[in-house]
Amino acid sequence: MGYDTLFFDGSNDSHMIATALAEGRVILTKDTQIMRRRVVTSGRLKAILILSDEPEQQVHQVIDTLKLDCQFRPFTICLECNQPLVEKSKQQVEDLVPPYVFQTQNQYMECPSCHRIYWRGTHWQAMTRKLEHFMEG
Ligand SMILES: [Zn+2]
């Protein structure tokens, strides 16, 4: 969806909270303990208690709560490092992607940080359809 995100595995809540405060992040959690912390109840740190176990419902809740619906910039940043992706020509990625991908895809993006290559394959198509569905409400 084009949003800068980090994943924390839950082993160190203090580190997550410190990072969120320092970087102006919103915490998405299913942990009610975090919601009871003073830093959250005081409003100093924004946190959302995720209610559903179902990923699509979870995305809906976040979109609704943060009013994200018209701010999507899908597939513009790296899934791993949040860096803005850079367009690459087909020739530039010839040795970097599987042969069947090279034969069937014409548009490529590269992360300038981890050099991961992205292309508009079946995953991209499926995600685009889902995002369009979300935007329609
Ligand atoms: Zn990257």
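For the structure itself, consult the block above.
Definitions and limits used
Residues numbered from 1 in each chain as written. Predicted model: local features only at pLDDT ≥ 70, side-chain atom pairs only at ≥ 80, totals over all residues. Heavy atoms only, no water. Donors = N, O, S within 2.8 Å, 3.2 Å for Na, K, Ca; no water. Tetrahedral: all angles 85-135°; square planar, octahedral: opposite > 155°, others 65-115°. Helix = DSSP H or I, 4+ residues; strand = E, 2+ residues; numbered from the N terminus. Buried < 20%, exposed > 50% of the residue type's maximum accessible area, 1.4 Å probe, protein only. Pairing = 2+ DSSP bridges. Axes fitted to C-alpha atoms, helices over the stretch in contact; angles between N-to-C directions.

> Requested: an account of the coordination of the zinc ion, with residues and values cited.
Within the protein, the zinc ion binds to Cys78 (SG), Cys81 (SG), Cys111 (SG) and Cys114 (SG); these donor distances fall in the range 2.1 to 2.3 Å. For the zinc ion, the 4 donor atoms in the first shell make angles of 105 to 115° at the metal, a pattern classed as tetrahedral. Motif for the zinc ion, donor spacing along one chain: C-x2-C-x29-C-x2-C. Of this pair, Cys78 sits in the loop between α4 (55–66) and β3 (86–88) while Cys111 sits in the loop between β4 (108–110) and β5 (117–119), and the two are 33 residues apart along the sequence. The pair Cys78 / Cys111 is uniform in exposure class, with both members buried.

> Outline the sheet that holds β4, listing residues and values.
Judged by pairing direction, the sheet is antiparallel, and its 3 strands sit side by side in the order β3-β4-β5 without closing on themselves. Unpaired on one side and paired on the other, β3 and β5 mark the two borders of the sheet. Put simply, the sheet's adjacent strands are angled 35° from each other on average, direction ignored. By the bridge criterion, 3 bridges tie β4 to β5 in an arrangement that is antiparallel. Bridge assignment links Tyr108 to a residue of β5, and that residue is Trp119.

What is shown is where atoms sit, not what they do.
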